[in-house]
Amino acid sequence: MLRWLLLIPFALLFAIGSGLVALLIAGVASPDLGLLIGGGFDRLIATLFDQAERGFDPGPTAEAAFALLGRLGFAILVLPVVLVAIASELFRFRSGLIQSGLTGLLAALLPLAMLGMARAPSAGEMQVVAALFLVGAATGFVYWLIAGRGAGGEKADRPNRPQQG
């Protein structure tokens, strides 16, 4: 019970924070992801100031943009690790590889599903998807290091087999 109240929430918060750091590192390492993150914020700020200069209220545009960023951030950093953590508790996954891989897969695919990709992604978009996979995998691995190795409690002891001899 203490595990559910203290360890798992702490591990999730720490993993999500680590995922944010991994996303920033991936933004520096991947030019396409860096352009998407940095260029997107730069264009958003420029658009908001441009609207204000023209006499339009930038509030609705800012609200819509930040709502989309919040949903994407949730789909990349929060939802994958939480879903895999719940699954690991329910099904007793104890493998760091499974924890990292599933979290990375969800982190890469959920944003694509949210945006509704109706065409094959370009090479630059695939680089972004790969970077998101690595960010998710890092997030899942950090969670596993803190709480996942003992997921679901201890396995029941197997009865000792009689030795033949």
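Anyway, here's the lowdown on the structure attached to this text.

How each quantity is defined
Residues numbered from 1 in each chain as written. Predicted model: local features only at pLDDT ≥ 70, side-chain atom pairs only at ≥ 80, totals over all residues. Heavy atoms only, no water. Helix = DSSP H or I, 4+ residues; strand = E, 2+ residues; numbered from the N terminus. Buried < 20%, exposed > 50% of the residue type's maximum accessible area, 1.4 Å probe, protein only. Contact = heavy atoms within 4.5 Å. Areas by Shrake-Rupley, 256 points an atom, 1.4 Å probe, with all protein chains shown as cover. Salt bridge = Lys/Arg side-chain N within 4 Å of Asp/Glu carboxyl O. Core = buried A, V, L, I, M, F, W, Y, C linked by side-chain atoms within 4.5 Å. Patch = residues over 30% accessible without salt bridge, like charges linked within 9 Å, V, L, I, M, F, W, Y side chains within 5 Å. Axes fitted to C-alpha atoms, helices over the stretch in contact; angles between N-to-C directions. Parallel < 35°, antiparallel > 145°, perpendicular 65-115°, else oblique. Left-handed = near helix turned anticlockwise from the far one by under 90°. Nonpolar A, V, L, I, M, F, W, Y, C, P; charged D, E, K, R; others polar. Expected span 1.5 Å × (residues − 1). Bend = angle between axes of the 7 residues up to and from the residue.

**Regarding the overall build of the protein**
Across its full length, the protein carries five helices and zero strands. Listed N to C, the secondary structure of the protein is α-α-α-α-α in terms of helices and strands. A buried classification covers 32% of the 165 residues belonging to the protein. Contacts in the protein between residues far apart in sequence, at least 24 positions, make up 77% of those at least 6 positions apart. Counting only carbon and sulfur atoms, one obtains 70% of the accessible surface of the protein, whose full area is about 10,500 Å².

**Quick notes on the pattern of salt bridges**
Enumeration according to the criterion identifies one salt bridge in this entry. Its salt-bridge partner being D50, residue R54 comes within 3.5 Å of it at the nearest N-O pair. For R54, a relative accessible area of 60% puts it in the exposed group.

**Structural notes on the side chain of Q99**
The residue Q99 is located in helix α4 (residues 96-115) in this model. Residue classification places Q99 among the buried positions, given a relative accessible area of 1%. Beyond its immediate stretch of four places on either side in the chain, Q99 contacts V84, A85, S88, F93, G140, Y143 and W144.

**Comments concerning the nonpolar core**
By size, the foremost hydrophobic cluster in this structure holds 10 residues: A22, L23, A26, L33, I76, L77, V128, A131, L132 and V135. The set of elements that each furnish at least two residues to this core consists of α1 (2-29), α3 (59-91) and α5 (123-146). Membership of the second largest hydrophobic core comes to nine residues, among which are A11, V81, Y143 and A147.

**A look at a nonpolar patch on the surface**
On the surface, a cluster of nonpolar side chains totalling about 510 Å² of accessible area is made up of I98, L102, L105, L109, F133 and L134. Per-element tally for the nonpolar patch: the top contributor is α4, with four residues. If you trace the backbone, F133 turns up in helix α5.

**Focus: the packing of α3 against α5**
Relative to each other, α3 and α5 sit at 45°, their axes nearing to 10 Å. Between α3 and α5, the angle is such that the two are oblique. You can see that α3 and α5 cross each other, and the crossing is right-handed. On the side of α3, the interface is formed by I76, L77, V81, A85, S88 and E89, while α5 contributes L132, V135, T139, G140 and Y143. Here the contact of α3 with α5 is composed, by residue class, of seven nonpolar, three polar and one charged.

**Details of the environment of G104**
Its location among the elements puts G104 in helix α4. Relative accessible area serves as the criterion here: at 0%, G104 is assigned to the buried category. For the pair G104 and G140, spaced 36 residues apart in sequence, the C-alpha separation works out to 7.2 Å.

**Thoughts on α3**
Between its first and last C-alpha atoms α3 spans 45 Å; for 33 residues at 1.5 Å apiece the expected length is 48 Å, and the two agree. The sharpest bend along α3 reaches about 40° and sits at A75. Just beyond α3, the residue with positive phi is R92, at close to 55°.

**Points about α5**
Taking 1.5 Å per residue as the helical rise, α5 with its 24 residues ought to reach 34 Å, and the 35 Å between its terminal C-alpha atoms agrees with that figure. By the burial criterion, the buried members of α5 are V128, V129, A131, L132, V135, G136, A137, T139, G140, V142, Y143 and W144.

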